[in-house]
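# Fold and geometry: a report
Okay, here's what each chain looks like letter by letter:
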Amino acid sequence: MKRTIALLLILISLVSLTASAEPTRSRWARVYKHGDREQPRVAITVDDWYYPEQWLPQFMAVAEEYGVKMTLYPSGFNLKVEDRELWQSALDAGHEIGSHFFQHKKLTERSYGQITSDLNRYQKRLDEVLGYHYEFLTVRPPFGAGAGDGGGGKIGRWLHSAGFDHIITWDMDNTKDLDKALKTIKNGSIILMHANKHDLGFYKKLMEALKDRNYEYVTITELLNITSRYYYTAE
Ligand SMILES: [Zn+2]
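Below: a short report on this structure. None of the values given here were measured: they were computed from a predicted structure. (Residues numbered from 1 in each chain as written. Predicted model: local features only at pLDDT ≥ 70, side-chain atom pairs only at ≥ 80, totals over all residues. Heavy atoms only, no water.)

### Quick look at the overall build of the protein chain
Within the protein chain one finds 8 helices and 9 strands. The buried share of the protein chain, reckoned over its 235 residues, is 49%. Sequence-distant contacts, at least 24 apart, represent 81% of the contacts inside the protein chain between residues at least 6 apart. Summed over its atoms, the accessible surface of the protein chain is roughly 12,200 Å², and 53% of this surface lies on carbon and sulfur atoms. (Helix = DSSP H or I, 4+ residues; strand = E, 2+ residues; numbered from the N terminus. Buried < 20%, exposed > 50% of the residue type's maximum accessible area, 1.4 Å probe, protein only. Contact = heavy atoms within 4.5 Å. Areas by Shrake-Rupley, 256 points an atom, 1.4 Å probe, with all protein chains shown as cover.)

### Some remarks on the pattern of salt bridges
Throughout the structure, instances matching the rule amount to 7 salt bridges. In this structure, the salt-bridge partner of Arg-37 is Asp-171, at a minimum N-O distance of 2.9 Å. With Arg-37 in the loop between β2 (30–32) and β3 (41–48) and Asp-171 in the loop between β6 (166–168) and α6 (178–184), the pair connects residues that are 134 residues apart, well separated along the chain. Asp-171 sits in the buried class, given a relative accessible area of 18%. As a salt-bridge pair, Asp-118 and Arg-110 come within 2.7 Å of each other at their nearest N and O atoms. By sharing partners, the salt bridges in this structure join Lys-124, Arg-125 and Glu-128 into a single network. (Salt bridge = Lys/Arg side-chain N within 4 Å of Asp/Glu carboxyl O.)

### Description of the coordination of the zinc ion
Metal coordination angles in their ideal form are 109.5 degrees for the four-donor tetrahedron and 90 or 180 degrees for the six-donor octahedron. For the zinc ion, the full set of protein donor atoms is Asp-48 (OD), His-100 (NE2) and His-104 (NE2), and the range of their distances to it is 2.0 to 2.1 Å. Look at His-100 and you get buried, because its relative accessible area is 1%. (Donors = N, O, S within 2.8 Å, 3.2 Å for Na, K, Ca; no water.)

### A short note on the environment of Gln-103
Relative to the helices and strands, Gln-103 is located in the loop between β5 (96–97) and α4 (112–130). Note: C-alpha distance between Gln-103 and Gly-76 (27 residues apart in sequence) is 6.5 Å. Setting aside chain neighbours within four positions, we find Gln-103 in contact with Phe-77, Arg-110, Asp-118, Arg-121 and Pro-142.

### Thoughts on the pairing of β3
With 8 of 8 residues buried, β3 is to be regarded as a mostly interior element. The sheet contact formed by β3 and strand β8 (residues 216–217) spans 2 bridges and is parallel. When the sheet's bridge partners are listed, Val-42 is paired in β8 with Tyr-217. Inspection of the sheet shows β3 paired to strand β7 (residues 190–194) by 5 bridges, in the parallel sense. Within the sheet, the bridge partner assigned to Thr-45 lies in β7 and is Leu-192. Sheet topology note: the β3/strand β4 (residues 71–74) ladder contains 4 bridges and is parallel. (Pairing = 2+ DSSP bridges.)

### Quick look at the packing of aromatic side chains
Applying the stated criterion across every chain yields a total of 9 aromatic pairs. Between Tyr-230 and Tyr-232 the ring centres are 6.3 Å apart and the planes differ by 65°, which places this aromatic pair in the edge-to-face class. Put simply, the rings of Trp-49, Phe-59, Trp-87 and Tyr-203 pair up and form one aromatic cluster. Against the face of Tyr-230 rests Arg-25, its NZ or CZ located 3.7 Å from the ring centre. Cation over ring: Lys-106 sits above Phe-143, and NZ or CZ is 5.8 Å from the ring centre. (Phe/Tyr/Trp six-rings, centres within 6.5 Å; stacked < 30°, edge-to-face > 60°. Lys NZ or Arg CZ within 6 Å of the ring centre and 35° of its normal.)

### Overview of the packing of helix α2 (residues 52–66) against helix α7 (residues 197–209)
One can describe the packing of α2 onto α7 by two numbers: an axis separation of 10 Å at closest approach and a directional angle of 5°. As the angle between them shows, α2 and α7 are arranged roughly parallel. For the pair formed by α2 and α7, the contact residues are Trp-55, Gln-58, Phe-59, Val-62, Ala-63 and Tyr-66 on the first element and Lys-197, Asp-199, Leu-200, Tyr-203, Lys-204, Met-207 and Glu-208 on the second. Grouping the constituent residues of the contact of α2 with α7 by class yields 8 nonpolar, 1 polar and 4 charged. (Axes fitted to C-alpha atoms, helices over the stretch in contact; angles between N-to-C directions. Parallel < 35°, antiparallel > 145°, perpendicular 65-115°, else oblique. Nonpolar A, V, L, I, M, F, W, Y, C, P; charged D, E, K, R; others polar.)

### Here's the deal with helix α5 (residues 154–162)
Those residues of α5 that sit buried are Ile-155, Gly-156, Trp-158, Leu-159 and His-160. Packed against the buried residues of α5 are β1 (24–25), α4 and β6.

### Some thoughts on the environment of Gln-39
With respect to the helices and strands, the residue Gln-39 is situated in the loop between β2 and β3. Each C-alpha atom of the pair Gln-39 and Leu-223 lies 9.2 Å from the other, and the pair is 184 residues apart in sequence. Contact partners of Gln-39, with chain neighbours within four places excluded, come to Asn-187 and Gly-188.

Written as structure tokens, this is what we have:
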């Protein structure tokens, strides 16, 4: 009996120790290509957003028809105050905005200082456009450049130092061949499209073709359970 009680006490103290431990921020950034392969959830992401006034309402119409919550990665220079209502309507519809950086340049060709000031400039512009602070939680490097080295590579280390741990890439970006796209897409997929006429047409065909798979189309932060700019580990 005494032994049982002693064991119980040890167990209780172990459990409370784990529960009270502060989450530790990872020492690296994390590069995501997809989410959980066990869950029938998929994220649709759309980059660049030249001419949002032309394409955003049309992408949103497709999203509404098929119950999709998209994640939009505009370049900062495409964010304009005169489009405030447009971007707000996307947020109101449940879509999400991440950062495709202010300038559409390869991160591998930029310095640490340029990358940090670019992201700060992006946040500032986004807030000006919306008229309030909207903290973006994920970054998508233009051309995916630098992300291939993983979160511990040079770009990953720089982004981590700048305070951005979640680097989002994709596992499906083929908007030319629907059959191939359908073969590539699976549970947890991150689909990359661009805000243009061709991809809008592909988007409609894709959503129709995926109908019987009954995926849930969630935003990137939902797919990857991201709630802050930091990546925490259990270490
Ligand atoms: Zn891009």
